[in-house]
Each structure stands twice: as structure tokens, then as C-alpha cells.
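Below, each chain spelled out in residue letters.
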Amino acid sequence: MKKILTFLLGVGVLTSCSSITLGVTEIDQVFPATVSFPEQIQKVGVIDRVNLSVQDHSVNPFYLNSVELSRNIAVKLAEADYFEDVILCDSDVSTWDKDEDKIYPLNPVHVQYLCEDLGVDMIISLERVNSSLVESNYVPVVAMESILRLYLPNRERPFRMEVLKDTIMWDIDGLLTYTDARQDMVDYMSDKAAHELTPHWRTIERTFFEGGNVDMRDAAMFVRENNWEKAEEIWINASQKAKGKLKEQYEFNIIVAEEILGNVETAYKKCQELESRVIQYSDIYLLANTYSQVLRKRLSDIQTLNLQMHRFE
């Protein structure tokens, strides 16, 4: 079974110069949570207000089980090691503040009770799950949605509401079962929820020039060995002798090396400078323009991440 997730990667498209060879490397980076919490939020409780433990498989074999989802969210939050404690509430609270099928925000009295009963500073409440098959001609494609509300004691309104939406699809190879598919859905949506609430690692791709001459090939060998210091040294020395497009390619590679070596601000400044002096809409311009936006976003992420990690100082 092969699971394909619907992530969209921004890619700079090269339009000419067939002799150019581009390599792709993967690196792991820490990304900030979408939500930043006050430092006093150290212990959190996870509750399931939907409580859909059993559904008719014949009606929707791709249903999203809220009981499993809330449990997995608690596990993923605990594994992130960001909060001091993560407590899963095993009581049925699905009837609280509910009118027929509509779930209203928790009453502040209920929030206070849950915080005191669980010994936590915040309640993370799963309050809606939905899933439906949107395509089945060749591969099953399922749309999923869940709503999380975050509650703090002594507040009239929820601290925040997170609406999580995504799709998931599978290549059918004869091994996929509905049980496997539903577990994949729970795993994916719980990962998505944890990423919203805690800093997390992601594997990302970076593109660099690797072919065309001996220096490029030698540096690419060091990249494959994850020796970016040596690769950058080769690119810097080679760029001092090169001219034209080749020099621009070396300079682009140096920018990639600076980012991966942790010098993101330097990489951003070099990328802006390269973008400003190359021919507009040339291959290297398109790469530098796209990369400059990526680096600007990463600088912003680093500032946010530093604030979020301040609790460990």
C-alpha cells in the first residue's frame, strides 16, 4: 500500500539550457506551531465531544473515528514533548452543551470543572469530524475535516478554534483495506493537529546545480555525504574564477549551503542580491526569486519558533 498526501511543493521551473543539471537534497527543519501559547500553559487535556466510536460501514466505509482521532492527537502531542503533561479524558462529554446534533462551545463552568478534574491548564476539544469519498474512479480520494476548540479557564469564549481540512488518497495495489484506510486517515489528521499546536520537524527539499564540470560534480559528491562545508568551499573557490551563467549557478549553490549550515539571514541577503542583478525571468532569476520568498518565510518562522521555545529557557 502506498499513501500519497496532498502536499503542494513550490518548484522553480527551468525553461532553457538543457545542459544544466539540477540536484535535489532533503533536509530536516523544525517548524513553529501555528498557535503560540502563553508560557503558563504547561499541562493540557484532550477531550472528545463528538464520540463517534461506531458507524455504519455500509454508509461510509471511509469514516473518521473521533474516539481514535482524539486518542491519537493526545499521543502525538505527548510525543512532541512540548507540554509538560498531556492528559486524555476518558469520560463521555459528548452531551455537554449540545442541542440535538449541534455542539456549542463549552460553558466556562464546564471548562473550569474539566481543568480542575484533569489537573490541566487548557482543554483541547475535538468537536467535529467529517469525511467523505470524493473520487473513486481509479483511486479512492477522501476529504477530511475536523474542528478543535481550545479552552482556557476563566474565559467566556474559546481561546482559539482550529479547522483542519485536507484530502488523502491511495494507490491501490491489492493490499489496501478499509481498516487500513481509516487508520491512515486518523494518523494523518492527528499529525496535522499536532503540527498546528506544537513545533515539529519536517523533511523539505532544496535544489542545487550539480553537473557541467568537475567542480560541480566534486561538490555534489560532498553534498551526498552531507558535508556542506566542503561543498561550499568548492563553490566559493570556483565562483571566483567563473563568469556568466556558471558564476551565477555557483552563487546560487552557495546560498543553499548557507541556509543548510544555519546562516539563514546571510542566505536571504545573498539571494536578494543575486536576484537583483541577474537577467529578469532567466532560469537563475526564477530560482532565486522563488528561493528568496522561501527564505523570507523561514526567517519569520525562526522568530516565531524562538518565541515558542522560550518556555524551555
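Reading guide: rules and limits
Residues numbered from 1 in each chain as written. Predicted model: local features only at pLDDT ≥ 70, side-chain atom pairs only at ≥ 80, totals over all residues. Heavy atoms only, no water. Helix = DSSP H or I, 4+ residues; strand = E, 2+ residues; numbered from the N terminus. Buried < 20%, exposed > 50% of the residue type's maximum accessible area, 1.4 Å probe, protein only. Contact = heavy atoms within 4.5 Å. Areas by Shrake-Rupley, 256 points an atom, 1.4 Å probe, with all protein chains shown as cover. Lys, Arg positive; Asp, Glu negative; His and termini not counted. Charge placed at Lys NZ, Arg CZ, Asp CG, Glu CD. Polar contact = N/O pair within 3.5 Å; in protein donor to acceptor, adjacent residues only side chain to side chain. Core = buried A, V, L, I, M, F, W, Y, C linked by side-chain atoms within 4.5 Å. Axes fitted to C-alpha atoms, helices over the stretch in contact; angles between N-to-C directions. Parallel < 35°, antiparallel > 145°, perpendicular 65-115°, else oblique. Left-handed = near helix turned anticlockwise from the far one by under 90°. Nonpolar A, V, L, I, M, F, W, Y, C, P; charged D, E, K, R; others polar. Salt bridge = Lys/Arg side-chain N within 4 Å of Asp/Glu carboxyl O. Disulfide = S-S within 2.5 Å. Pairing = 2+ DSSP bridges.

Asks: Tell me what's going on with the overall build of the protein, and back it up with residues and numbers.
Replies: Helix and strand counts for the protein come out as eight helices and ten strands. Seen along its three principal axes, the alpha-carbon backbone of the protein occupies a region of about 75 × 50 × 35 Å. For the protein, buried positions account for 44% of its 313 residues. Looking at the protein alone, contacts between residues at least 24 apart form 70% of all its contacts between residues at least 6 apart. As displayed, the protein offers around 17000 Å² of accessible surface, 48% of which is attributable to carbon and sulfur atoms. In the protein, which carries 32 positive and 50 negative side-chain charges, the distance between the mean positions of the two groups comes to 6 Å.

Asks: Can you tell me about the side chain of Glu232, naming the residues and giving the values?
Replies: Mapped onto the secondary structure, Glu232 falls in helix α5 (residues 228–239). Residues within four places of Glu232 in sequence aside, it is in contact with Ile254, Ala257, Glu258 and Leu261.

Asks: For the side chain of Ser131, give the residues involved together with the corresponding values.
Replies: Residue placement: Ser131 occurs in strand β7 (residues 122–135). A polar contact is formed between the side chain of Ser131 and the backbone oxygen of Phe62, at a distance of 2.7 Å. Here Ser131 is in contact with Asn60, Phe62, Tyr63, Leu64, Val142, Ala143, Met144 and Met185, once residues within four sequence places are set aside.

Asks: Summarise the environment of Tyr188; cite the residues concerned and give the values.
Replies: Secondary-structure assignment places Tyr188 in helix α3 (residues 178–197). Expressed as a C-alpha distance, the spacing of Tyr188 and Leu69, which sit 119 residues apart in the sequence, is 9.5 Å. Polar side-chain contacts of Tyr188 include one of 2.7 Å to the side chain of Asp166.

Asks: Account for the nonpolar core, naming residues and giving values.
Replies: If you look at the biggest cluster of nonpolar residues, it comprises 36 residues, and the most contacted ones within it are Phe37 and Ile124. Only β3 (43–48), α1 (66–80), β7, β8 (141–151), β9 (160–171) and α3 provide two or more residues apiece to this core. For this core, the element with the most residues is α3, which contributes eight residues. Setting aside residues no more than four positions away along its own chain, Ile124 makes contact with Val44, Gly45, Val46, Ile47, Leu77, Leu148, Arg149, Leu150 and Leu197.

Asks: Break down the packing of helix α6 (residues 244–260) against helix α8 (residues 283–308) for me, with residues and values.
Replies: Contact geometry for α6 and α8: axes closest at 11 Å, N-to-C directions at 15°. In terms of their interaxial angle, α6 and α8 are classed as roughly parallel. When the axes of α6 and α8 are compared, the crossing they make is left-handed. Residue-level contacts link Glu248, Gln249, Phe252, Ile255, Val256 and Glu259 of α6 to Ile284, Leu287, Ala288, Tyr291, Leu295 and Arg298 of α8. The residue makeup of the contact of α6 with α8, split by class, is eight nonpolar, one polar and three charged.

Asks: Would you mind going over the pattern of salt bridges in detail, with residue names and values included?
Replies: Under the definition given, this model contains 16 salt bridges. When the shortest N-O distance is used, the salt bridge between Glu233 and Lys230 registers 3.6 Å. Of the two residues, Glu233 and Lys230 both sit in helix α5, three residues apart, roughly one turn of that helix. Judged by its relative accessible area of 40%, Glu233 falls in the partly exposed class. Among the salt bridges present, the one from Asp301 reaches Lys297, with a minimum N-O distance of 2.8 Å. Of this pair, Asp301 and Lys297 both sit in helix α8, four residues apart, which is roughly one turn of the helix. Where salt bridges share partners, they join Arg49, Glu127 and Arg149 into one cluster.

Asks: I'd like a rundown of the packing of α6 against helix α7 (residues 264–277), residues and numbers included.
Replies: At their nearest, the axes of α6 and α7 sit 7 Å apart, and the two run at 160° to each other. Judged on the interaxial angle alone, α7 and α6 are roughly antiparallel. In the packing of α6 onto α7, the handedness of the crossing is left-handed. Mapping the contact onto sequence places Glu248, Glu251, Phe252, Ile254, Ile255, Glu258 and Glu259 in α6 and Val264, Thr266, Ala267, Lys270, Cys271, Leu274 and Arg277 in α7. A class-by-class count of the residues in the contact of α6 with α7 yields seven nonpolar, one polar and six charged.

Asks: Break down the state of the cysteines for me, citing the residues and quoting the values.
Replies: Applying the stated rule across the entire model yields zero disulfides. Its sulfur unpaired, Cys89 is 11 Å from the next cysteine sulfur, which belongs to Cys115.

Asks: With reference to specific residues and values, describe the pairing of β7.
Replies: Bridge analysis of β3 against β7 gives five bridges, and the strand direction is parallel. Across the sheet, Val44 pairs through a bridge with Met122, a residue of β7. Note: β7 against β8, eleven bridges, orientation antiparallel. The residue of β8 that forms the bridge with Ile124 is Leu150. Linking β7 to β8, which pair antiparallel, is a turn of five residues.

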